[in-house]
Each structure stands twice: as C-alpha cells, then as structure tokens.
Amino acid sequence: MENFSAPIVHIKNLTKSYRRGGQIVSVLTDITFDIPSGEFIALMGPSGSGKSTLLNLIAGIDKPDSGTLKVGGIDIAILSEGDLADWRAANVGFIFQFYNLMPVLTAFENVELPLLLTQLSYKERRERVELALIMVGLSDRMEHYPSELSGGQQQRVAIARAFITDPVILVADEPTGDLDRTSAGEILAILDRLNSEMEKTIIMVTHDPHAAKTAHLIRYLEKGQLDVAD
Amino acid sequence: MHFLKLILRNTLRHKLRTGLTVLGIIVAIVAFGLLRTVVDAWYSGAEGSSETRLVTRNAISLVFHLPIKYQERIRKIQGVMEITHASWFGGVYISEKNFFPQFAIDAKTYFDVYSEYIIPPGDLTAFIIDRKGCVVGRKLADVYGFKIGDTVPLRGTIYPGTWKFTVRAIYDGAEAKTDTSQFFFHWDYLNETRKRVTARTERTTDWVGVYAINISEPSRAAEISSEVDAMFGNSLAETRTETEKTFQLGFVSMTEAIVVAIRIVSYVVLLIILAVMANTMAMTARERTSEYATLKALGFNHRFIAGLIYGESMIIALVGALIGILLTFPVANMFSEKVGTLFPVFGVSAETIYMQAIAALAVGIAAAVLPAFRSAQISIADGLRGIR
Ligand SMILES: Nc1ncnc2c1ncn2[C@@H]1O[C@H](COP(=O)(O)OP(=O)(O)OP(=O)(O)O)[C@@H](O)[C@H]1O
Ligand SMILES: [Mg+2]
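Definitions and cut-offs
Residues numbered from 1 in each chain as written. Chains lettered and ligands numbered in written order. Predicted model: local features only at pLDDT ≥ 70, side-chain atom pairs only at ≥ 80, totals over all residues. Heavy atoms only, no water. Contact = heavy atoms within 4.5 Å. Buried area = accessible area lost by both parts, 1.4 Å probe. Salt bridge = Lys/Arg side-chain N within 4 Å of Asp/Glu carboxyl O. Polar contact = N/O pair within 3.5 Å; in protein donor to acceptor, adjacent residues only side chain to side chain. Helix = DSSP H or I, 4+ residues; strand = E, 2+ residues; numbered from the N terminus. Phe/Tyr/Trp six-rings, centres within 6.5 Å; stacked < 30°, edge-to-face > 60°. Buried < 20%, exposed > 50% of the residue type's maximum accessible area, 1.4 Å probe, protein only. Pairing = 2+ DSSP bridges. Domains from an automatic or database assignment. Axes fitted to C-alpha atoms, helices over the stretch in contact; angles between N-to-C directions. Parallel < 35°, antiparallel > 145°, perpendicular 65-115°, else oblique. Left-handed = near helix turned anticlockwise from the far one by under 90°. Nonpolar A, V, L, I, M, F, W, Y, C, P; charged D, E, K, R; others polar. 1 Å grid on protein atoms, 1.4 Å probe; cavity = no way out; pocket = protein on both sides within 12 Å on 5 of 7 lines; lining within 4 Å. Points joined across faces, edges and corners; volume = space filled by probe spheres on them. Core = buried A, V, L, I, M, F, W, Y, C linked by side-chain atoms within 4.5 Å. Near = heavy atom within 4 Å. Areas by Shrake-Rupley, 256 points an atom, 1.4 Å probe, with all protein chains shown as cover. Sits in = over half its atoms within 2 Å of the grid points. pLDDT = per-residue confidence, 0-100.

Draft legend 1. Quick look at the interface of chain A and chain B. Taken residue by residue, the interface counts 25 residues in chain A and 19 residues in chain B. Carbon and sulfur atoms supply 69% of the area buried between chain A and chain B, which totals about 2100 Å² over both sides. Taken together, chain A and chain B are joined by two salt bridges. Note that Arg9(B) and Glu109(A) form a salt bridge whose closest N and O atoms lie 2.6 Å from each other. Taken together, chain A and chain B are joined by seven residue pairs in polar contact (both at pLDDT 80 or more). Looking at the side of chain A that touches chain B, the elements that each hand over two or more residues are helix 2 (81-91) and helix 3 (107-112) of chain A.

Draft legend 2. Highlighting the packing of aromatic side chains. Residue and element names in this part refer to chain B. Per the counting criterion, the structure on display carries 33 aromatic pairs over all chains. Summarising the aromatic geometry, the rings of Tyr110 and Phe184 are spaced 4.8 Å apart at their centres and angled 45 degrees between planes, so their arrangement reads as tilted. With Tyr110 in helix 4 (residues 110-113) and Phe184 in strand 9 (residues 183-186), this pair connects stretches of sequence that are 74 residues apart. Residue Tyr110 is classed as buried on the basis of its relative accessible area of 4%. A relative accessible area of 0% means that Phe184 is categorised as buried. Connected via pairs of aromatic rings, a cluster forms that spans Phe89, Tyr93, Phe100, Tyr144, Phe146, Tyr159, Trp163, Phe165, Phe183, Phe185 and Tyr189.

Draft legend 3. Molecular detail of the pattern of salt bridges. Here the structure, examined in full by the defined rule, presents 25 salt bridges over all chains. Between Lys200(A) and Asp166(A) there is a salt bridge, and its shortest N-O distance comes to 2.5 Å. Residue Lys200(A) is found in the loop between helix 6 (181-196) and strand 8 (201-205), and its partner Asp166(A) is found in the loop between helix 5 (151-163) and strand 7 (169-173); the two are separated by 34 residues along the sequence. Residue Asp166(A) is classed as partly exposed on the basis of its relative accessible area of 48%. A single salt-bridge network, built from bridges that share partners, covers Glu109(A), Lys5(B) and Arg9(B).

Draft legend 4. Geometry of the pairing of strand 1 (residues 53-58) of chain B. Residue and element names in this part refer to chain B. The buried fraction of strand 1 is high, at six of six residues. As defined by bridge partners, strand 1 adjoins strand 11 (residues 210-215) across four bridges and the pair is classed as antiparallel. Its bridge partner lying in strand 11, Val55 is registered against Ala212. Relative to strand 12 (residues 239-243), strand 1 is paired through five bridges, and the arrangement is antiparallel. By the bridge assignment, Arg57 is partnered in strand 12 with Arg240.

Draft legend 5. Region of the structure containing the domain arrangement of chain B. Residue and element names in this part refer to chain B. Entries for chain B in the domain assignment read domain 1 (2-44 + 256-384) and domain 2 (60-237). Taking only C-alpha atoms, the centre of domain 1 and the centre of domain 2 are 48 Å apart. Across the domain 1/domain 2 interface, buried area totals approximately 640 Å², and carbon plus sulfur atoms make up 57% of it. Applying the counting rule to domain 1 against domain 2 returns zero salt bridges. Seen at the junction of domain 1 and domain 2, the total is zero residue pairs in polar contact (both at pLDDT 80 or more).

Draft legend 6. Fine view of the packing of helix 1 (residues 2-11) of chain B against helix 12 (residues 302-339) of chain B. All names here are of chain B. Remark: helix 1 packs on helix 12, axes separated minimally by 9 Å, with the N-to-C direction vectors making an angle of 55 degrees. When the interaxial angle is binned, helix 1 and helix 12 end up oblique. Helix 12 is crossed by helix 1, and the crossing has right-handed handedness. Every residue of helix 12 that contacts helix 1 at Phe3, Leu6, Ile7, Leu8, Asn10 and Thr11 is listed here: Phe304, Gly307, Leu308, Gly311, Glu312, Ile315 and Ile316. Here the residues of the contact of helix 1 with helix 12 sort into eight nonpolar, four polar and one charged.

Draft legend 7. A look at unusual backbone geometry. All names here are of chain A. Non-glycine residue Asn100 carries a positive phi angle of around 50 degrees. Residue position: Asn100 is located in the loop between strand 6 (92-95) and helix 3. The residue Glu199 is not glycine, and still its phi comes out positive at about 55 degrees. Summarising the element assignment, Glu199 is placed in the loop between helix 6 and strand 8.

Draft legend 8. Quick look at the layout of surface pockets. For the second largest pocket, the calculated volume is near 900 Å³. Lining the second largest pocket are 35 residues; nearest its centre among them are Ser52(A), Thr53(A), Asn56(A), Asp173(A) and Arg385(B). Only strand 1 (7-20), strand 2 (23-36), helix 1 (51-59), strand 6 and strand 7 of chain A together with helix 14 (380-385) of chain B provide two or more residues apiece to the lining of the second largest pocket. Per-element accounting of the lining of the second largest pocket gives the leading share, six residues, to helix 1 of chain A. Residues belonging to the lining of the second largest pocket are distributed by class as follows: 15 nonpolar, 12 polar and eight charged.

Draft legend 9. Just the nonpolar core, in detail. In this structure, Val111(A), Leu133(A), Ile159(A), Phe163(A), Leu191(A), Leu194(A) and Met204(A) are the most contacted members of the largest nonpolar core, which totals 39 residues. Taken together, the elements giving at least two residues each to this core come down to strand 3 (40-44), helix 3, helix 4 (122-135), helix 5, strand 7, helix 6, strand 8 and helix 7 (209-214) of chain A. When sequence neighbours within four positions are dropped, the list of residues in contact with Phe163(A) reads Ala132(A), Met135(A), Val136(A), Leu170(A), Leu194(A) and Met198(A). Counting residues in hydrophobic clusters, the runner-up holds 38 residues, among them Ile74(B), Tyr93(B), Leu154(B) and Ile215(B).

Draft legend 10. Local environment of the site of ligand 1. Contacts to ligand 1 come from 15 residues, most closely from Ser47(A), Gly48(A), Lys51(A), Ser52(A) and Thr53(A). Between ligand 1 and Lys51(A), the relevant distance is 2.8 Å, taken from an oxygen atom to a side-chain nitrogen or oxygen of the residue. Asp382(B) places a side-chain nitrogen or oxygen 2.9 Å from a nitrogen atom of ligand 1. The fraction of the free accessible surface of ligand 1 (630 Å²) that becomes covered by protein chains is 78%. In this structure, ligand 1 is accommodated by the second largest pocket. At the level of secondary structure, the elements contributing two or more residues to the shell around ligand 1 comprise strand 1 and helix 1 of chain A together with helix 14 of chain B. Sort the elements by how many residues they give to the shell around ligand 1 and helix 1 of chain A lands first, with three residues. Residue classes in the shell around ligand 1 are distributed as three nonpolar, seven polar and five charged.

Draft legend 11. Quick peek at the confidence of the model for chain B. Residues at a pLDDT of 70 or more form 97% of chain B, whose mean pLDDT is 90. Both confidence scores are given for the complex: pTM 0.79, ipTM 0.93.

Next comes the structure, spelled out in structure tokens:
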C-alpha cells in the first residue's frame, strides 16, 4: 500500500550520456527530483534538452549511467532486462506521440495486448477491454483497425491500452503532438480524468503550453538540468 | 492463439512481397525436387538391380564380346541356376531422338533370369516361336503406341540395314523401379542374318555382349564370379564377372561428373532462395522496428519478438514448400514425358519429398536468424526513436 504523500518517483543525481561516433554526449547531467504519487506533471523544455531521455529512464526502457532511480520504491536501474520487462508490464502505461498501435490488430486487440501478459481469462480480458474502450468513448470502434481511425481516436485507443493493466504510472511523450486542438483537448480531458478519478500518476512531456496547463505541476528541462517554474 | 494471429496477419501485410517470396520458394523447391529426381533416375538402373544376378563381360571392355560357347560352360558351375545373354543392338527407330535400349537376347532363357519382366505365358510363347518377334516394355509401348502385332523397323548402326520386328509381347515391371523401356528380340535372328551377309568374318558371329547369371545365394556372388573368370583366364576372351549392381554403377560412374554438377546446382538453387528469403525478412524486420520496440516496452520479451520473425519466415517457407512439393509431381511427369525413355525409371521418391521439406524448413529458419537476432537485441529507446 502506497502512502499518498510518498514519492512514487525518486530521482537523485541522475546522469545519462550517449555515445555518438566515438564522442560522448552528455544529455542529463545531474537530475534530482521526486514525483509524489497521484501527481500529474508536465515536462517541458527545448528540443534536445533530454525530456524523452528522462521519461524513458523513469519508464524503465533505458538505463541511467549513474545516480538513484526508484519507481514505486523499486530501484529499477539494477533490474535485469527480463525483470525490467515484467516490471514495465505491471507498473507502466505508455502513451506515444505517434500512438504506436499494432496496425494488424483491431482497436479491441490492441487494448487487449498488454493483458496477454497477465493470467486473466478471455472473459475477464474482454470485460476490461470493453470497459476501457467505453471510457475513452470508442465503444463503437472496437473492431476497427488503426488505419480506419482518426489520429485522435488512435490516441484514445493507445490511452486505453496504457491504463488497461492498471499501472502505477502513465508516461506520455508528447501525446498531443500530432493532433489538432479539438482532438488534443479530448486526449487531455481523458488524462485529467485518469489522474483525478483513477488516481494515476501521469508524467507527460509536451511542447504545448496549453497541454501543460492540464497538468498540476510543470517542470522545465534545460541543458540537462531541471528548473522549477512558477 | 494471439501469437499465431499476429504472425499470420503480419505475413499477409505486404501481399505482393509475401506472394513473390512464396513464388520464389515454390520455384526453388520444384527445381530442387526435379534435379534430385534426375539424379535418382540416373542411379535407378543400379537401384533396380538384383542381388542374385551376376553379369559377365569381356575383361578388356564392353565393346568386345564373348563367344556363345561360354554359355554352356558357365551353366555347369555349381550355384549357377540359369544363364542367359544379351547384346546391345543400338538401332534407331525412325529418328535419332527416339532413344531406347535394344538387346538381342537368348529368347528361351532371358525372361527366366529377368523374372521381374512379367509377360503373359501365351505371349511369351508367341515371341519364342517367332524368330522375328520382339518384346517391348510397357513404358516403351505407351510412348510409341506399340501394340501386339505391330511391325517395328529399326535402322542398325552397329549392324547395317533395316531390321523389321513384330511385337509379340509387352512386358510389365514387377515393381515401380523396374525398367520397362527396353526392346528385346532374338539373338538367333541377328546372328544368323549376320552369318548370311558377312562372309566368314568370324569375330562378328557367334559372339554375345554379356552373360547374365542367376545364382542361388547372393552370399556366393564373389566366389562364383571368380570361378567364372578363372575358367576363361588366359583364353582368347577373358571375362570379368561382377554383381549386376556393380556393373550398373560402372555405367553411372562414367557420367559421375554430370551427376555431381546437377547435385551442386540443386544446392545452389537453395542458397539463392535463402538469400532472397533472408532479404525479405531483413526488410520486413527493419520496417517493423518501432512496432517491436513498442511490444518490448509493453513488456513482451525478446523471445516473443524473435518468435514473430521466425514464425513469419517459417510460414512463408512452409507454404512455399507445400505448394512446391505438390507441384513437383506434375512437373516431374511433364519432364518425364518430354525426355521419353531416356530415363527408364523417373519418379519422385519419398526421400526427395523429405529433403524438400527439410530444405524449406532450413531456409525458413536460416533466413530469420539475423533479423530476429537484431530485432530482439535493439534497445527499446533506439527502436522507438526510429519511428516515422
Ligand atoms: N540513442 C541515442 N543515441 C545518441 N544520442 C541520443 C540518443 N537518444 C537521445 N540522444 C540525444 O540526446 C539528446 C536529448 O534527446 P531527447 O530525445 O531526450 O530530447 P527531447 O528533449 O525529447 O527533444 P524533443 O523535444 O525534440 O523530443 C539529443 O541531443 C539527442 O540527439
Ligand atoms: Mg522527445
């Protein structure tokens, strides 16, 4: 059981660099910050500042060079590849800028996908998926393929896929980056509900100040450093 | 279930590409099967040979013959059940391209020794009493439409003149591998005609090509062979006796280089299709990098990703193999009809089918190794960055 006030993400002196053609590019120099459980935080900053890199580290799809990185009390930096995969499946929901749905699967099947890694029966999966698609307003599009859906609809399917396993945190890398204002508004409204009604911790990278306003906290990343704003 | 569904739908994503790759596999598998069948046909004479039959020929070369009087002497050797003889005629039926083997034989004994050539008793008698009669194999009869009572003219190349024979019997093979593309007639007729037209040139009359000897037990083959050869040692025509199989393989070895070439080509065909298939799979895997990265982010492990690629590769290979194997039969039949009686026995063997299936399986696996490894290894962050 998590204490509401305990940080769900604990980061201390985190560094990350990439090797590019023999040259080492330092992306995150010294990041220290906590994200309280149930927070909805927006990460902003110029292009190339390392927002996606930081998000990937928190989500456990990349490894830091040094520093502490705890999510839900677990030091994910030291997990093996296999354990990390299991950890992600249970704890993280992913929302990408370009939706990243499987083109050969229907909306229903895409949302069902993460549940295939659980012990749930087909009947249980079916109930959950239907409920999730109803919640994102796509109950009439279950059998549609991604190519038959608009960008906004595809992103809603992706959100359903992200929260279907009831993860601890949701990470969203520019979830409205590819959408028009109306669709973006719908997406943000769903994220807001997930945060307020289902108490999901959401970490969202965005360039859009409008989108950032939906979040309760905004952090700026610049030159590998984090600044607290307003 | 979902795994298979994903693989199947992925396979059908680029229908043209998948279709062309499957077509390539089909062609390769058919070619491989056909080439193997040709090689098999090459060896079929040896395969179809009997264990209880010896062949005695002139020790110098097959070109040289043996005196007819050897027949009775060999017959007396202990363990010899029956002995007959056959002489290559080498005639042409209408045109050079109509090749089939013709032998002048000892009509009374030949079909006792070669009991796998099955002739209705009445027809055999009809042949034996007609000096100008002949016996043709079923395959030969089918190809040229020979019926009992037909006259078949052969233009001699070794023995000049046009020789006319009347079909008195058609023989069937006891087994599928039995050669039924041969033509037999009376050696007596050949010999007596030669006696009349060639004045006393001794060596061309009363001589036969080879003797075929039926022995009681295969285990005594070596013993009886040396006994025969010892009997004619230091004579005018020394003999060489060996089992029918060794004798037949001797023929094959003369053309060994061609067989080896065909074998090599059959494997080269597989290598080419492997390259094509590997290219298809590499292309496919590269296009789906971001999808694989997404699946991994969701918690699917690298084995799942590798499985998707192996599965797709195997489906393409196995569908191609199945169609290819089924097509091998009609293609082999067509080929067999085109080449007529050049290959006495021409059939797709069970072993060839296994080999085709194994080859396709190997191609399917091998083509996926590198793409599967690469896709499974690439980091999620890198894979996701590749989006767009
Ligand atoms: N796998 C990698 N290999 C090499 N360099 C990388 C890699 N991933 C990120 N980088 C570099 O790290 C820096 C930060 O990248 P990141 O994607 O985190 O930026 P960002 O803040 O998300 O930018 P944007 O707003 O454009 O998405 C960039 O200079 C990028 O080129
Ligand atoms: Mg980014």
